[in-house]
Amino acid sequence: VPFVETLSELYTLAGVDCIDCAADPAVVGAVLAGIESANVVRAANNFAPTKPFVMVSVNDGEDPHFRKAVFDPLKCPSDCPRPCERVCPTDAISTVGVSELLCYGCGRCLRSCPIGLIIADTYVRNPEDMIELLRNYPIDAIEIHTLPTHRDEFTRLWSRIGSWVLEELKLVAVSFPDSEHLEEEILVRSEVLNIGDRVDLVWQTDGQPMSGDVGRGIAAKSVRLAKKVLELGESLSIPGFVQLAGGTNDATVELMRNSAIYGKAAGVAFGGFARKTTLKALQTSPDHALDSAIGLLERIKSPPNGD
């Protein structure tokens, strides 16, 4: 939680538009505290206060974004080369197991363990708990993670939280990966939501979940999916904005420009990549952590040719 607060303070000072976090009271409280700390700094430097949207994430069923790696370190062979530690992007794995705080569920360690010892502990947010959270905290937006096989689950979740969300929040985001019947999946969810002009709607294209630190190829996958959804939106008059996610990194803006979607997409969600970049800066040069966050934002907000 202290790390979440620090990240939120840095992100707010850097100028982000939205901070997405887990639908957990302690985490939301840490985000809000970080925003408040940032505004103390801004006030001391004669800048007006600012408040990025606070968005909480929920899932309509089993989803890679809602899991943590788990294993019993006592069962590790003494001669194991520990490939899990090498592939973990946040250094969450040690000889005592997995740090729940640092693990964000990317799943790379699951495939790396030579004896299959590591498993994923998945969870689903309770809709009633979600509504209670929204009542008690100044939350602006909600992100629903869904999968192609989750049509019924998506409908059930929205039937339980939809009316409250539309009355109280400012924005609804739907996060999804590519699929064989993508056009139909988007149309079905658009009809279920039936948002109209009551709140803003964002389609978040999850190119490759939690993989932004992998490289340029993954970023290209995210851009291709966003372009596909933008074209579907135009041809089918589907309401809503499009935001890139899942595989976004420092190559994203260049690839967006090359694919002619810069200026058409509403934004970019830098999740794991931003977290890893900022964490590394905090560990190696805390005084430059803010510069690192600002540098990442400048790539999307202030491209070289001023577009």
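As a starting point, this report considers the structure included with it.

## Quick look at the overall build of the chain
Broken down by element type, the chain carries 11 helices and 11 strands. Expected size for 307 residues packed as a compact globule is a radius of gyration near 19 Å; at 19 Å, the chain falls within 12% of this value. Here the C-alpha coordinates of the chain stretch approximately 60 × 50 × 45 Å along the principal axes. A buried classification covers 48% of the 307 residues belonging to the chain. Sequence-distant contacts in the chain: of pairs separated by 6 or more residues, those separated by 24 or more amount to 75%. Only carbon and sulfur atoms are counted for the fraction: they give 51% of the accessible area of the chain, which is about 15,100 Å². Averaging the positions of the 29 positive and the 42 negative side-chain charges in the chain gives two centres separated by 5 Å.

## Looking at the packing of aromatic side chains
Summed over the entire model, instances satisfying the criterion amount to one aromatic pair. When the centroid spacing of 6.1 Å and the interplanar angle of 70 degrees are considered together, the rings of Phe 176 and Trp 203 count as edge-to-face. With Phe 176 in strand E8 (residues 171–176) and Trp 203 in strand E9 (residues 200–206), this residue pair connects regions lying 27 residues apart in the sequence. With respect to burial, Phe 176 and Trp 203 carry one shared label: buried. Here the guanidinium or amino end of Arg 189 rests over the ring plane of Phe 154, the centre of that ring lying 5.4 Å away. If you follow Arg 275 out to its NZ or CZ, it ends over the ring of Tyr 104, 4.2 Å from the centre.

## Regarding the side chain of Asp 206
For Asp 206, the location among the structural elements is in strand E9. Despite its burial, Asp 206 remains without a salt bridge, the nearest opposite charge being carried by Lys 221 at 9.2 Å. A polar contact of 3.1 Å, which involves the side chain of Asp 206, links it to the side chain of His 65. Apart from the residues lying within four places of it in its own chain, the contact partners of Asp 206 are His 65, Ser 175, Phe 176, Pro 177, Leu 225, Ala 245 and Gly 246.

## Here's the deal with the sheet that holds strand E11 (residues 267–268)
Spatial strand order, E1-E2-E7-E8-E9-E10-E11: seven strands in an open sheet with parallel pairing. Edge positions in the open sheet fall to strand E1 (18–22) and E11, since each of these has one partner strand only. The sheet strands contacting helix H6 (residues 151–168) are strand E2 (53–59), strand E7 (141–145) and E8, and the helix crosses E7 at an angle near 175 degrees. Along the sheet face, helix H7 (residues 182–193) touches E8 and E9 and points at about 150 degrees away from the line of E9.

## Quick notes on helix H2 (residues 25–44)
Its 20 residues place the ends of H2 29 Å apart at the C-alpha level, agreeing with the 28 Å of an ideal helix rising 1.5 Å per residue. Residues of H2 that are buried: Val 27, Val 28, Ala 30, Val 31, Leu 32, Gly 34, Ile 35, Ala 38 and Asn 39. Contacts made by the buried residues of H2 are with helix H1 (2–14), E1, E2 and helix H5 (127–136). Two to three positions downstream of the cap, the backbone nitrogen of Ala 26 sits 2.9 Å from a side-chain oxygen, assigning the N-cap of H2 to Asp 24. Note on H2: the residue one or two positions beyond its end, Asn 46, has a positive phi of about 65 degrees.

## Considering the environment of Glu 168
As for its placement among the helices and strands, Glu 168 is situated in helix H6. The spatial distance from the C-alpha of Glu 168 to the C-alpha of Val 199 is 9.3 Å, given a sequence separation of 31 residues.

## Here's the deal with the side chain of Gln 204
Mapped onto the fold, Gln 204 is located in strand E9. By relative accessible area, which is 7% here, Gln 204 ends up buried. Here the side chain of Gln 204 touches Glu 143 through a polar contact of 2.5 Å, side chain to side chain. Every residue in contact with Gln 204, bar those within four places of it in the chain, is listed here: Glu 143, Val 174, Ser 175, Phe 176, Gln 243, Ala 245 and Ala 269.

## Digging into H1
The terminal C-alpha atoms of H1, which comprises 13 residues, lie 18 Å apart, in line with the 18 Å expected from a rise of 1.5 Å per residue. Of the positions making up H1, those classed as buried are Phe 3, Leu 7, Ser 8, Leu 10, Tyr 11, Thr 12 and Ala 14. Following H1 by one or two positions, Gly 15 adopts a phi angle in the positive range, close to 105 degrees.

Cut-offs applied
- Residues numbered from 1 in each chain as written.
- Predicted model: local features only at pLDDT ≥ 70, side-chain atom pairs only at ≥ 80, totals over all residues.
- Heavy atoms only, no water.
- Helix = DSSP H or I, 4+ residues; strand = E, 2+ residues; numbered from the N terminus.
- Rg over C-alpha atoms; globule rule 2.2 N^0.38 Å.
- Buried < 20%, exposed > 50% of the residue type's maximum accessible area, 1.4 Å probe, protein only.
- Contact = heavy atoms within 4.5 Å.
- Areas by Shrake-Rupley, 256 points an atom, 1.4 Å probe, with all protein chains shown as cover.
- Lys, Arg positive; Asp, Glu negative; His and termini not counted.
- Charge placed at Lys NZ, Arg CZ, Asp CG, Glu CD.
- Phe/Tyr/Trp six-rings, centres within 6.5 Å; stacked < 30°, edge-to-face > 60°.
- Lys NZ or Arg CZ within 6 Å of the ring centre and 35° of its normal.
- Salt bridge = Lys/Arg side-chain N within 4 Å of Asp/Glu carboxyl O.
- Polar contact = N/O pair within 3.5 Å; in protein donor to acceptor, adjacent residues only side chain to side chain.
- Pairing = 2+ DSSP bridges.
- Axes fitted to C-alpha atoms, helices over the stretch in contact; angles between N-to-C directions.
- Expected span 1.5 Å × (residues − 1).

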